[in-house]
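# Structural overview
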Amino acid sequence: MASLSPLLSNFPPEDVAQLSIFGEARHYVAGEVIIEENEVNHYLYLILKGTVEVSKKGDRGNRTIAEITQTGSIGEMSIFDPGPSSATVKAVTDVEVWRATRENLERMHEVRPKVAYRLVTRICEVLARRLRQLNQKYVDIV
């Protein structure tokens with residue numbers, strides 16, 4: 001898994017092996033919806049291979065707000081702040097993911113706290129980068 005995902009590039013092989021115990025691999029074909037806006041999502045996804053499109057409904061229809069490749073994750077908000085999904089995520093290409101529920105992550109934290117900490121830290125880095133980009137877009141618009 002580490003060779004496929006830059007998000008896991010600094011993980012020791014034994015930590016990567018632990019991830020497979022606490023989640024599952026899943027395949028989506030191009031065009032398939034992975035997360036539907038306003039629907040409840042129970043998973044955090046690490047994109048191992050492929051590209052997804054993130055879109056949001058607006059007054060003028062759907063708007064693409066991001067494309068995410070194997071460098072990222074999706075569904076984080078649902079794990080950290082359960083509720084309806086804020087956007088739709090659709091596979092642009094065939095996509096391979098590793099996905100885990102909040103319960104999977106809590107179990108990982110109990111059994112392998114260092115692995116869980118490293119994973120959550122990486123996800124926070126991704127979210128912080130996205131927030132910086134969003135802040136810049138906001139400043140550019142205003």
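This text goes with the structure placed above it.
Below: a short report on this structure. Treat the numbers as computed from the prediction; the structure is a model and nothing was measured.

A complete count under the given rule lists two aromatic pairs for this structure. A ring pair is formed by Tyr43 and Tyr45, whose centres lie 5.9 Å apart and whose planes are at 55°; its orientation type is tilted. Take Tyr43: its relative accessible area is 23%, and that puts it in the partly exposed class. Three or more aromatic residues link up through ring pairs in this structure, and these residues are Tyr28, Tyr43 and Tyr45. Positioned over the ring face of Tyr43 is Arg99, at 3.7 Å from the centre of the ring.

We now examine the layout of surface pockets. In this structure, the largest pocket spans a volume of roughly 1,100 Å³. Elements represented by at least two residues in the lining of the largest pocket include exactly β4 (52-58), β5 (61-68), α2 (76-80) and α4 (113-141). When the residues that make up the lining of the largest pocket are grouped by side-chain class, the tally is 17 nonpolar, 11 polar and eight charged. Of the volumes computed, that of the second largest pocket is approximately 150 Å³. Contributions of two or more residues to the lining of the second largest pocket are made by α2, α3 (102-111) and α4. Ranked by residues supplied to the lining of the second largest pocket, first place goes to α3 with five residues.

Glancing now at helix α1 (residues 13-21). Each α-helix turn comprises 3.6 residues. Residues three or four places apart therefore point the same way. Within the span of α1, buried status applies to Asp15, Val16, Gln18 and Leu19. Along the long axis of α1, the arc covered by the buried residues comes to 155°, so they all point the same way. Projecting away from the buried face of α1 at angles above 90 degrees are the exposed residues Pro13 and Ile21.

In terms of nonpolar packing, the biggest core is built from 17 residues, with Leu8, Phe11, Leu19, Trp98, Leu105, Met108 and Leu119 touching the most fellow members. Secondary-structure elements contributing two or more residues to this core are α1, β3 (43-49), β8 (95-101), α3 and α4. Per-element tally for this core: the top contributor is α4, with four residues. In contact with Met108, not counting residues within four places along its chain, are Leu19, Phe22, Trp98, Pro113, Val115, Ala116 and Leu119. Val52, Ala87, Val89 and Ala91 belong to the second largest nonpolar core, which has 14 residues in total.

Compared with an ideal rise of 1.5 Å per residue, which puts 29 residues at 42 Å, α4 spans 42 Å between its outermost C-alpha atoms and is within 8% of the ideal. Of all the residues in α4, the buried ones are Val115, Ala116, Leu119, Arg122, Ile123 and Val126. The secondary structure elements touched by the buried residues of α4 are α1, β3, β6 (73-74), α2, β8 and α3.

Analysis parameters
- Every chain begins its residue count from 1, and numbering advances along the sequence as written.
- Local features in a predicted model are, by the rule used here, given only for residues with pLDDT of at least 70; side-chain atom pairs are given and counted only at 80 or more, and totals for whole chains, interfaces and linings are based on all residues.
- Processing note: side-chain calculations cover all non-hydrogen atoms of the structure and skip hydrogens and water entirely.
- In this scheme Phe, Tyr and Trp rings, the latter by its six-membered ring, pair at centre separations within 6.5 Å, and the angle between planes marks the pair as stacked below 30 degrees, edge-to-face above 60, and tilted otherwise.
- The buried label goes to any residue with under 20% of its type's maximum accessible area, the exposed label to any with over 50%, and the partly exposed label to all in between, with areas taken from a 1.4 Å probe on protein chains only.
- Think of it as a cone above the ring: NZ of Lys or CZ of Arg counts as a charge over the ring if it is within 6 Å of the ring centre and within 35 degrees of the ring normal.
- Grid spacing is 1 Å over the protein atoms alone, the probe is 1.4 Å, and a cavity is where that probe fits but cannot get out, while a pocket is an open set with protein on both sides within 12 Å along at least five of seven lines and lining residues have an atom within 4 Å of a point.
- Grid points are joined across faces, edges and corners, and a volume is the space filled by probe spheres set on the points.
- Helix and strand assignments follow DSSP, with helices taken as H or I runs no shorter than four residues and strands as E runs no shorter than two, numbered in order from the N terminus.
- Three classes are used: nonpolar for Ala, Val, Leu, Ile, Met, Phe, Trp, Tyr, Cys and Pro, charged for Asp, Glu, Lys and Arg, and polar for all others, with Gly counted as polar.
- The directions considered for the arc run from the helix axis to the C-beta atoms.
- What makes a nonpolar core is a set of buried Ala, Val, Leu, Ile, Met, Phe, Trp, Tyr and Cys residues whose side-chain atoms join them at distances within 4.5 Å.
- The contact rule is simple, with two residues in contact once any of their heavy atoms fall within 4.5 Å.
- Expected helix span is given by 1.5 Å per residue-to-residue step, counting one fewer step than there are residues.

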